[in-house]
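Overview (structure and organization)
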Protein chains: 2
Amino acid sequence: MPNNSKFELEAKYFQDMPVYWLVRQLADRWSLPVIAELCRGTQRFLELKRALEPVSKRMLTLTLRRLMAAGFVERHMQDTNPPQVSYALSPLGHSLGEALKSLNAWTKLHHATFAAALKRDQRASDQDL
Amino acid sequence: MPNNSKFELEAKYFQDMPVYWLVRQLADRWSLPVIAELCRGTQRFLELKRALEPVSKRMLTLTLRRLMAAGFVERHMQDTNPPQVSYALSPLGHSLGEALKSLNAWTKLHHATFAAALKRDQRASDQDL
DNA sequence: CTGTATCCAGCAAGATACTG
DNA sequence: CAGTATCTTGCTGGATACAG
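Since this is a predicted model, take the numbers as computed values, not measurements.

Each value, and the rule that gives it
- Once a new chain begins, its residue numbering starts again from 1 and follows that chain's sequence as written.
- Chains and ligands are labelled by the order in which they are written, letters from A for the one and numbers from 1 for the other.
- In keeping with the model being predicted, local features are shown solely for residues with a pLDDT of at least 70 and side-chain atom pairs are shown and tallied solely at 80 or more, while totals for entire chains, interfaces and linings include all residues.
- Hydrogens and water are ignored here; the side-chain numbers use all heavy atoms of the structure.
- Ring geometry is summarised as follows: Phe, Tyr and Trp rings, the Trp one being its six-membered ring, pair when their centres sit within 6.5 Å, and such pairs are stacked at plane angles under 30 degrees, edge-to-face over 60 and tilted between the two.
- By the criterion adopted, a ring carries a charge over it if an Arg CZ or a Lys NZ lies within 6 Å of its centre and within 35 degrees of its normal.
- One requirement defines pairing of two strands: DSSP has to find at least two bridges between them.
- Under the scheme used here, helices are H or I runs from DSSP no shorter than 4 residues and strands are E runs no shorter than 2 residues, and both carry numbers assigned from the N terminus.
- Note on definitions: a residue-residue contact is assigned when non-hydrogen atoms from the two residues lie within 4.5 Å.
- Fitted lines through C-alpha atoms give the axes, limited to the stretch in contact for helices. The angle between two N-to-C directions lies from 0 to 180 degrees.
- Buried Ala, Val, Leu, Ile, Met, Phe, Trp, Tyr and Cys residues that are joined via side-chain atoms within 4.5 Å together make up what is termed a nonpolar core.
- Here the term buried applies to any residue with accessible area under 20% of the maximum for its type, exposed to any over 50%, and partly exposed to those in between, with areas from a 1.4 Å probe on protein chains only.
- With respect to orientation, any angle under 35 degrees is reported as roughly parallel, any angle over 145 as roughly antiparallel, any angle of 65 to 115 as roughly perpendicular, and every other angle as oblique.
- Side-chain classes are defined by residue name, with Ala, Val, Leu, Ile, Met, Phe, Trp, Tyr, Cys and Pro counting as nonpolar, Asp, Glu, Lys and Arg as charged, and the others, Gly among them, as polar.
- Note on terminology: near, applied to a residue and a molecule or strand, indicates that one of the residue's heavy atoms is within 4 Å of it.
- We define a polar contact as two N or O atoms separated by no more than 3.5 Å, with the added condition that, inside protein, one atom must be a possible hydrogen donor and the other a possible acceptor, whereas residues neighbouring each other in sequence contribute only through side-chain atom pairs.

Inspection of every chain in the model, using the stated rule, returns zero aromatic pairs over all chains. Taking NZ or CZ as reference, A:Arg29 lies 4.2 Å from the ring centre of A:Trp30, over its face.

Laid out in structure tokens, this is it:
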């Protein structure tokens, strides 16, 4: 009987470290790219998909649903034919975007260090070839 | 021929969004708990392990090695018998701790929203039982 | 005390095909 | 256009045993 919540045994970190939950929520392949793209403005499903190439429709849908569940993204649809669905950041989502911008600024300050770590990472994988 | 770097196809995000790399680096099960624990001061391997129960020796070692590779953690050993190894945050690691504290503060501001999202998450998993 | 080696289950996510 | 359904694979991380 599998448990869908990957946070099952990690509850103790939620009290003092909600950032733990936030980071794990945002750490999948597409969440941050989607948020970054939506920071530029409301976009329709296919616009998003094209902007985030090579994302698949499936992964884009899953990512958007998760971001909606967390309250970061809103979905608006007009039931025309063909259907039109657009996605936008919620106020909370915009706030998150700003918070991430701050963290991004911090990261850029130490860019040299991270570039070195990244290069090590890549070289390590090169050795596998 | 597997590629160990999970960042292989994601290089385009490193230029404008180093935070993408950072978040993915910190999003595993134990990185943030280890950093939080080391924020309280230098600690030896077993101290860390006990503080982070129920982490395994294997996962603690892997996590520490990754944090060292990223430059966040330093390792100091005296080759006595039995061996003594202690871990501490590097200056960069302390700086990261501060940055995370800020993000944590932002997260706490919106705690109600996240608590609701978390509850949905847990209820969704409860329905599996 | 401080790790490494090995094995294994479960989940994230890509490929592909199908749908209203 | 905007998705869902199904199948598959690699990686993360836990359990356990062994080692300097």
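Let's shift gears to the sheet that holds strand β2 (residues 73–78) of chain A. Residues and elements named next belong to chain A. Taken in spatial order, the three strands line up as β1-β3-β2 in an open sheet, and their pairing is antiparallel. Since the sheet does not close on itself, it has two edges, and those belong to β1 (43–44) and β2, each with one partner. Alignment of β1 against strand β3 (residues 84–89), held across two bridges, turns out to be antiparallel. From the neighbouring strand, Arg 44 faces β3, where its bridge partner is Ser 86. Each of β2 and β3 is contacted by helix α5 (residues 57–69), which is oriented at about 115° to β2, the strand it contacts most.

In this structure, A:Leu26, A:Phe72, B:Leu22, B:Leu26 and B:Phe72 are the most contacted members of the largest nonpolar core, which totals 67 residues. Residues in contact with B:Phe72, not counting those within four places in the same chain, are A:Trp106, A:Phe114, B:Leu22, B:Leu26, B:Leu67, B:Ala88, B:Leu89, B:Ser90, B:Leu92, B:Gly93 and B:Leu96.

With that settled, the discussion passes to the side chain of A:Asn104. Structurally, the position occupied by A:Asn104 is in helix α6 (residues 91–109). The class of A:Asn104 is buried, set by a relative accessible area of 10%. If we skip the residues at most four places from it in the chain, A:Asn104 touches B:Asp16, B:Met17, B:Pro18 and B:Val19.

In this section: the packing of α6(A) against helix α2 (residues 18–26) of chain B. Contact pair α6(A) / α2(B): the axes reach a minimum separation of 8 Å and the direction vectors enclose 95°. The orientation of α6(A) with respect to α2(B), classified from their angle, is roughly perpendicular. Judged by residue contacts, A:Leu100, A:Leu103, A:Asn104, A:Trp106, A:Thr107 and A:Lys108 of α6(A) engage B:Pro18, B:Val19 and B:Leu22 from α2(B). Split into classes, the residues belonging to the contact of α6(A) with α2(B) amount to six nonpolar, two polar and one charged.

In the vicinity of DNA strand C lie 20 residues, with B:Leu46, B:Lys57, B:Arg65, B:Arg75 and B:Tyr87 positioned nearest. Among the atoms of DNA strand C lying within 4 Å of the protein, the sugar-phosphate backbone contributes 67%. Note that a phosphate oxygen of DNA strand C is positioned 2.9 Å from one of the backbone N or O atoms of A:Arg29. Take A:Arg58: an N or O atom from its side chain is 2.8 Å from a base nitrogen of DNA strand C. For the surface near DNA strand C, the per-class residue count stands at nine nonpolar, three polar and eight charged.

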